[in-house]
Amino acid sequence: MAYKDKIEEDKLKQIMEQNIWYLNQIAEQMKLGYVSVFAGAGLSVASGYVDWKRLLEPICRQMRLNHNLDLTEIAQYYKNKYGRQGLNDVIFNEFAKVPKNNENAAWLAKLPIKEYWTTNYDDVIEREIEKYGKNVETIISQESFKYHDPKREVVVYKMHGDKKYPDDVVLTKEDYQRYDEKRKLFTRLLSVELVRRTFLFIGFSFNDPNLERILSIAKNSLNSKSLPKHYCFMRKVQMIDYLDNHNKMTAEGMETYIQDKNYQELRISDMTHYGIYTILVEDYNQITLMLQYLYNKYITNNVFISGGINPKELSEYGNFNNGKPETSGLNRAESFLELLGKKLIDHDFQIYTGFGAGVGNYILSGVLKSKKNQQFYSDIMNSKIHISSLIGVADSLKEKTRKKLIEQCSSTLILFGYSPDKEKSGIYQEYEIARELGNYIIPVKATGFAARDIYNELDSQGKLQERLRFLKNEDRGIEELADGIIGALTDYKEEKEKQLSQQLFSSVAMYGAGVFISYYYKRDHAVAEQITKTVNEDKLNIFTVVQEMEKKRDSADIKNWVDEEIKKTRITILLISRETLDREYVSYELTKSILNGNVILPVLMDNPENGFQEEEIERIKQKLCLQLSVKNLDMKQWVQDQGSKNIVRWLNKIFEV
């Protein structure tokens, strides 16, 4: 490897390691409940809405102005000339659209975040939070601060107003200048929150006009000597965004790229002075991976406790109760449960439970005896998330409550489990939910009842880990049994966190300019897989190959998939074997690639199986020239031109002028 490439590879590795370190810091703050989110326009783009620049494009065209000017000034000029109503119509029409699914907003809604701030007018955040079953309150004006919904679990502060009230949104230069006259409570509260909480900024670009406002508020908050760190997702300025309509890099494009790259680097450096550290991403899809990482990192500490005994016989714990009581006033089972609750909190695990009869009360008693109970007492006593009793809850709500609890946990612990009717048993329902969610399931066989049956079921299916064999021994002391459970949970947590870091590192390293491979699946799938592996493992990650789906689904599914995936790409590699150009899906993929403006890289499969003659190769070239509307075609040959060694070099050459 050339020295230049090695230096570049090391630089990329440093960025990824730094990003993971930042994410781990956010995860730690999240576990303590100190994280808030501030969302910009970029978050709503995936829902089908436009960013600031595209929102005002119709106005720019009408006024014959360059949309790269100060957008607040453009909005002001329009208002001065035509009045406010035209701006209101633009906002109303844009946000009247039905939003599409938004993965990033959905992952944010799953996280344990209670405060969201946004400069967006849409309701993407509120919708996703409500879908997740949380009560959300929106604060859209100073007057809104007077009222407080006692049932709210989440609050969304809409600093610039709401689409329902376009007259009052912050849009023009005058709106910004008079902000502290009409919306000073937002500024004051945000100033306090920037000091007392950790913010995660998402949906902002390096030249976003709203970022200036936030930086100004952060700067005024710097009187505090202990300002916490904040973090901002930002897409890296990339050369591929500055190619011309023919996917070539011109001198003018290169100059603009260098200027924007330098400006972004200066902006990132400047933001650190306000306590905001940047997590650079190559592609917006990386943000989804990072939010998934945060969610999984958060739930690795969380344990769902499923279990209970016959509510009519609250002292009947079966064979587990044989022997002398181990704590004054409590029998053996009760002592074990209390000890387990205490040890879970002592080892920094969070407990989620439906408070099963004869189990939940003793687990809670142990929690309150933990040396860390002062840290968790208020949270446990006041939060419906950690302990949600299912006793007396309507059957229609029980399943929803169970799922809400279990999906916030990485592990499920099954204790006792009285179940006269397996079909209606809450323990078995919780077990099935945990299995579907991929939880680490620990059925303590020694406690008997449903826990014993579930242990045996997993064992018979070969799904019981060897390290859980100790759970079947009824003769173990309760201290030894509790320590064994803590040990199993700790080992799993450490393994899971290591796996998450490795997955994120490898996933982040894969993002580059999108490449689609079009080919006859039956003939050339092995070569397509080889290209995918070679390109995606290239250390400089300039390109990323979209994974091909196996074409065994119906035509509509395949074409929908092609439509979505080609939108993410700039290059289409066309592998040509016999009959390839006559295949239905290859023709469709080629047409869609041309419409998307992709550069086509044709590669002839000149292996012995195809046995192409010179005149056949010429006919293929002519046919492709006609389809691509070009006079000449540089078609590579996989065997003769050593494609397995040169595929990355061929891709790099495409963008050269």
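How each quantity is defined
- Residues numbered from 1 in each chain as written.
- Predicted model: local features only at pLDDT ≥ 70, side-chain atom pairs only at ≥ 80, totals over all residues.
- Heavy atoms only, no water.
- Phe/Tyr/Trp six-rings, centres within 6.5 Å; stacked < 30°, edge-to-face > 60°.
- Buried < 20%, exposed > 50% of the residue type's maximum accessible area, 1.4 Å probe, protein only.
- Helix = DSSP H or I, 4+ residues; strand = E, 2+ residues; numbered from the N terminus.
- Lys NZ or Arg CZ within 6 Å of the ring centre and 35° of its normal.
- Pairing = 2+ DSSP bridges.
- Axes fitted to C-alpha atoms, helices over the stretch in contact; angles between N-to-C directions.
- Parallel < 35°, antiparallel > 145°, perpendicular 65-115°, else oblique.
- Left-handed = near helix turned anticlockwise from the far one by under 90°.
- Contact = heavy atoms within 4.5 Å.
- Nonpolar A, V, L, I, M, F, W, Y, C, P; charged D, E, K, R; others polar.

What follows covers the packing of aromatic side chains. The final tally for this structure, using the stated rule, is 22 aromatic pairs. When the ring of W21 is compared with that of Y22, the centres are 5.9 Å apart and the planes differ by 55°; the resulting orientation is tilted. You can call W21 partly exposed: its relative accessible area is 43%. Look at Y22 and you get buried, because its relative accessible area is 8%. Here the aromatic rings of F320 and F336 are separated by 5.3 Å at their centres, their planes lie at 55°, and the arrangement is tilted. Remark: F336 occurs in helix α15 (residues 332-346) and F320 occurs in the loop between β8 (302-308) and α15; sequence separation between them is 16 residues. Looking at F320, the relative accessible area reads 1%, which means it is buried. Take F336: its relative accessible area is 0%, and that puts it in the buried class. Sitting over the ring of Y295, K110 keeps its end group 5.5 Å from the ring centre. Between the NZ or CZ atom of K493 and the centre of the ring of F349, over which it lies, the distance is 5.7 Å.

Our focus in this paragraph is the sheet that holds strand β10 (residues 411-416). Spatially, β9-β8-β10-β11 is the arrangement adopted by the four strands of the open sheet, whose pairing is parallel. Looking along the sheet, the strands with just one partner apiece sit at the ends: β9 (350-353) and β11 (440-443). Geometrically, the sheet is characterised by an average inter-axis angle of 25° between neighbouring strands, direction not taken into account. Strand direction decides the pairing type here: β10 and β11, joined by four bridges, are parallel. Residue pairing in the sheet places T412 in a bridge with I441 of β11.

Moving on to the packing of helix α18 (residues 395-406) against helix α19 (residues 426-437). The description of two helices packed together rests on the angle between their axes and the distance between the axes. In the contact formed by α18 and α19, the axes pass within 10 Å of each other and the chain directions differ by 45°. The angle between α18 and α19 falls in the class oblique. Judged by the sense of rotation from one axis to the other, the crossing of α18 with α19 is right-handed. Judged by residue contacts, E399, R402, K403 and I406 of α18 engage G426, Q429, E430, I433, A434 and L437 from α19. Residues that form the contact of α18 with α19 fall into these classes: four nonpolar, two polar and four charged.

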